[in-house]
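An overview of the molecular structure
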Amino acid sequence: MAQEDVFKKIVSHCKEYGFVFPSSDIYDGLGAVYDYGQNGVELKNNIKQYWWQSMVLLHDNIVGLDSAVFMHPTVWKASGHVDAFNDPLIDNRDSKKRYRADVLIEDQIGKYEEKIEKEIAKARKRFGEAFDEAQFRSTNPRVLENEAKKTALHERFAKAMGAMDLAELKQIILDEEIACPISGTRNWTDVRQFNLMFKTEVGSTADGASTIYLRPETAQGIFVNYLNVQKTGRMKLPFGIAQIGKAFRNEIVARQFIFRMREFEQMEMQYFVKPGTELQWFEQWKQTRMAWHQALGFGAENYRFHDHEKLAHYANAASDVEFRMPFGFKEVEGIHSRTNFDLSQHAKYSGRKIEYFDPDTNESYTPYVIETSIGVDRMFLSVLCHAYQEEKLEGGDTRVVLKLPAALAPTKLAIMPLVKKDGLPEKAREIMDELKFHFNCKYDEKDSIGKRYRRQDAVGTPFCITIDHDTLTDGCVTLRDRDTMQQERIPVSELRTRLEDKVSITSLLKKLC
Ligand code: GAP
């Protein structure tokens, strides 16, 4: 099946099974805004818990914070967002659709990559085991041609973005003959800058309302609280502040479902370090964060780093963790070495001294910062994309199964009486009443056992138990594993110890230590 079709199926699966709904669905939705349903909110909470615990529980020098969405407007002047948090946009005159010029060009780069991958896949099929990918890449004329086009375009694009040369961005779109996906024409307007921050007003107009912004990143809440946390927590460098919270961006391109949203959630951690040590910490955090991703067991081949060649003026290193989505490798997380830019800017604009007194050297200085910044929603999407599988079963049946890591699954255990009589529902409820304190259980007595298994597979429940007539006498239930579909009889008294370890976040955290 084409990857595009797989993605469409994932999107409709999300709606059908209560993971993600369009916002204000009964009013036909609101562009790039989504709600999480009964299963989605559990999966999302588990992702957040995995991140939070990996930061705050596993590091005794990282503490949490929950800062407000609204902040003093000068914060955004100091951070540079008022003047420079812009996207270059372009309109197609025929379809009247608006696009991000940089995204159109990135997609074009992606097309060259796709062509290369297709050649490689074809050759791998043809040559089988004997296929040498490295040699093929360095000798095949079509791969070399597309690689050269990709590199040339990438370099020209990076230069234009670095200088924010809007005329050059338009020229690239024209030279690459990029057409509007809706009208199919190349009738483009000039490229213009568009600030992504949402504005609103605080206070009544009579009192003199002032314009404030919905935060476009959670990080600034951490920077402006650096002194509060350092002093009250008596933190010694290096130390980190972690935060999970909503962020808002008026994204021009609303597409790819929850990949690019206007209201989304970030999990950010700012790690304050001594100047001069930042690049060492940057490397360390890159490895730590990659290990966090890979502990989920999705396969190392599905991740890669994308090191930034062109850096923002305040950064001295930056890298993205990219994951293989059905629409290509895409950024899920950014790791940035932000120097002392943000703290220095806030010191300048607030007039406060924002420094650290180092008791080891008796000097005061402005700490440097390593930031790890991951989108909860993108992480959610990557987990779902990897988990969604359609399997052919013996006997010609098919099943849709979400092979979610057990620790992230919304429901850990489905509890099913074989029939709705003979005291089986009561026994099932009794087991549930015991286990519900330890992990998320769901009771299900409707339809045949086969249908109930399919329903649980579709929402990624790793284990089901069936209570039958024998249970009443031998105290055992049938435990069914989602992935292998194998069933075994086990005593009710062993359920908790058998499952708890497998389904808890701790099982993931232990892989990190
Ligand atoms: N404080 C740094 C910062 O915000 P960013 O690269 O703009 O950096 C970090 O964003 C992460 O936030 C991204 O890697 C992505 O996972 C997520 N993100 C950014 N914009 C998003 C959007 N419009 N919708 C969903 N997630 C988004």
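All residue numbers refer to position in the chain's written sequence, counted from 1. Local features in this predicted model are restricted to residues whose pLDDT is 70 or higher, and side-chain atom pairs enter the listing and the counts only when it is 80 or higher, whereas totals over whole chains, interfaces and linings include all residues. Side-chain numbers come from the whole structure's heavy atoms, not from hydrogens or water.

**Quick look at the side chain of aspartate 320**
The cut-off we apply is this: Going along the chain from the N terminus, every DSSP run of H or I of four or more residues is numbered as a helix, and every run of E of two or more is numbered as a strand. Counting of polar contacts relies on pairs of N or O atoms within 3.5 Å, with two restrictions inside protein: one atom must be capable of donating a hydrogen and the other of accepting it, and residues adjacent in sequence are counted only when both atoms are side-chain atoms. Note on contacts: a residue pair is in contact if any heavy atoms of the two residues lie within 4.5 Å.
Secondary-structure assignment places aspartate 320 in strand 12 (residues 317-325). Here histidine 308 takes part through its side chain, which lies 3.0 Å from a polar atom of the side chain of aspartate 320. The residues touching aspartate 320, leaving out its near neighbours within four places in the chain, are Arg304, Phe305, His306, His308, Glu331, Glu333 and Gly334.

**A short note on the nonpolar core**
To keep it simple, the criterion reads: What we call a nonpolar core is a set of buried Ala, Val, Leu, Ile, Met, Phe, Trp, Tyr and Cys residues that are connected through their side-chain atoms within 4.5 Å. Using a 1.4 Å probe on the protein chains alone, a residue whose accessible area is under 20% of its type maximum counts as buried, one over 50% counts as exposed, and one in between counts as partly exposed. Domain extents, as shown, originate in an automatic or database domain assignment.
Counting residues in hydrophobic clusters, the biggest one holds 61 residues, and the most contacted among them are Leu43, Tyr50, Trp51, Phe380 and Leu381. Looking at this core, the element that brings in the most residues is helix 13 (residues 376-387), giving eight residues. Here this core spans two domains, since at least three of its residues come from each of domain 1 (49-71 + 196-385) and domain 3 (399-512). Sequence-distant contacts of tyrosine 50, defined by excluding residues within four places in its chain, comprise Trp292, Ala295, Leu296, Leu408, Ile505, Leu508, Leu509 and Leu512. In this structure, Phe463, Ile465, Leu499 and Val503 belong to the second largest nonpolar core, which totals 20 residues.

**Things to note about the packing of helix 7 (residues 141-162) against helix 8 (residues 166-175)**
The following threshold applies: In this description, a line fitted to the C-alpha atoms serves as the axis of each element, helices being fitted only across the stretch in contact, and the angle between N-to-C directions of two axes falls anywhere from 0 to 180 degrees. Every angle not falling under 35 degrees, over 145, or within 65 to 115 is termed oblique; those three ranges are roughly parallel, roughly antiparallel and roughly perpendicular. A crossing counts as left-handed when the near helix is turned anticlockwise from the far one by less than a right angle, and as right-handed when that turn is clockwise.
At their nearest, the axes of helix 7 and helix 8 sit 9 Å apart, and the two run at 155° to each other. Accordingly, the angle class assigned to the pair helix 7 and helix 8 is roughly antiparallel. Our pair here, helix 7 against helix 8, has a crossing hand that is left-handed. Here Leu153, Arg156, Phe157, Ala160 and Met161 of helix 7 come into contact with helix 8, specifically with Glu168, Leu169, Gln171, Ile172 and Asp175.

**Let's talk about the environment of proline 405**
Within the fold, proline 405 resides in the loop between strand 18 (398-402) and strand 19 (413-417). Among the residues examined, proline 405 registers a relative accessible area of 11% and is labelled buried. Distance in space between the C-alpha atoms of proline 405 and alanine 160 is 42 Å, their sequence separation being 245 residues. Contact partners of proline 405, with chain neighbours within four places excluded, come to Leu296, Phe298 and Val383.

**Things to note about the sheet that holds strand 6 (residues 192-195)**
Strand pairing in a sheet takes place through backbone hydrogen bonds and is either antiparallel or parallel in direction. So the rule is basically this: In short, DSSP must find at least two bridges between two strands for them to pair.
Taken in spatial order, the three strands make up an open sheet running 5-4-6, and their pairing is antiparallel. Every other strand in the sheet has two partners, leaving strand 5 (98-100) and strand 6 as the edge strands with one partner each. Going from strand to strand, the sheet's axes swing by 45° on average, the running direction of each strand aside. Sheet topology places strand 4 (residues 86-91) next to strand 6; four bridges connect them, and they run antiparallel. Paired with aspartate 87 across the bridge in strand 6 is phenylalanine 194. The sheet strands contacting helix 5 (residues 101-127) are strand 4 and strand 5, and the helix crosses strand 5 at an angle near 65°.

**Quick word on the side chain of arginine 480**
Note on placement: arginine 480 falls in strand 22 (residues 476-481). Residue arginine 480 is classed as buried on the basis of its relative accessible area of 2%. In this structure the side chain of arginine 480 is engaged in a polar contact, spanning 2.8 Å, whose partner is the side chain of aspartate 457. Those residues in contact with arginine 480 that sit more than four places away from it in its chain are Arg399, Tyr453, Arg454, Asp457, Pro462, Phe463, Cys464, Met485, Gln486 and Gln487.

**Some points on the environment of glutamine 389**
Its place among the elements puts glutamine 389 in strand 17 (residues 388-392). With 172 residues separating them in the primary sequence, glutamine 389 and glutamate 217 have C-alpha atoms 34 Å apart. Residue contacts for glutamine 389: discarding those within four places in its chain leaves Arg399, Val400, Val401 and Lys403.

**Examining the site of the ligand**
Which entries qualify depends on this criterion: If even one non-hydrogen atom of a residue comes within 4 Å of a molecule or strand, that residue is called near it. Note on areas: Shrake-Rupley, 1.4 Å probe, and residue coverage restricted to the protein chains presented here. Ten residue types, Ala, Val, Leu, Ile, Met, Phe, Trp, Tyr, Cys and Pro, are classed as nonpolar, four, Asp, Glu, Lys and Arg, as charged, and the remainder, Gly among them, as polar.
By nearness alone, 20 residues border the ligand, and Glu217, Glu251, Glu268, Glu331 and Val332 come closest of all. Phenylalanine 259 is positioned such that a nitrogen or oxygen atom in its backbone is 3.4 Å from a nitrogen atom of the ligand. About the coverage of the ligand: the protein hides 91% of its 560 Å² of free accessible area. Secondary-structure elements contributing two or more residues to the shell around the ligand are strand 10 (263-273), strand 13 (328-337) and strand 16 (368-375). The leading source of residues in the shell around the ligand is strand 13, at five residues. The residue inventory of the shell around the ligand, partitioned by class, reads five nonpolar, five polar and ten charged.

**A short note on unusual backbone geometry**
The omega torsion of the bond from leucine 237 to proline 238 falls at -10°, within 30 degrees of zero and hence cis. Checked against the element boundaries, proline 238 lands in the loop between helix 10 (226-232) and strand 9 (239-248). Even without glycine at this site, serine 24 takes up a positive phi of about 50°. Among the secondary structure elements, serine 24 is positioned in the loop between strand 1 (20-22) and strand 2 (34-36).

**Quick look at the domain arrangement of the chain**
What the domain assignment reports for the chain is domain 1 (49-71 + 196-385), domain 2 (86-195) and domain 3 (399-512). Taking only C-alpha atoms into account, the centre of domain 2 sits 48 Å from that of domain 3.

**Concerning the packing of aromatic side chains**
Definition in use: A pair of Phe, Tyr and Trp rings is counted when the ring centres sit within 6.5 Å of each other, with Trp represented by its six-membered ring. The angle between the planes then sorts it: under 30 degrees is stacked, over 60 is edge-to-face, the rest tilted. Remark: a charge is flagged as sitting over a ring if the NZ atom of Lys or the CZ atom of Arg is within 6 Å of the ring centre and within 35 degrees of the ring normal.
Evaluated as defined, the whole model comprises 19 aromatic pairs. Judged by centre distance (5.2 Å) and plane angle (80°), the ring pair of tyrosine 34 and phenylalanine 257 falls under edge-to-face. Here tyrosine 34, found in strand 2, pairs with phenylalanine 257, found in the loop between strand 9 and strand 10; they are 223 residues apart in sequence, far enough to count as distant. Aromatic pair phenylalanine 239 and phenylalanine 272: ring centres 5.3 Å apart, planes at 35°, arrangement tilted. With a gap of 33 residues between them, phenylalanine 239 in strand 9 and phenylalanine 272 in strand 10 connect regions that are remote in the sequence. A relative accessible area of 0% places phenylalanine 239 in the buried class. On the accessibility criterion, phenylalanine 272 (0% relative accessible area) is buried. Grouping aromatic residues by their ring pairs yields a cluster made of Phe223, Tyr226, Phe239 and Phe272. In this arrangement the basic side chain of arginine 378 is found over the ring face of phenylalanine 259, its NZ or CZ atom lying 3.8 Å from the centre. Sitting over the ring of tyrosine 453, arginine 480 keeps its end group 4.3 Å from the ring centre.

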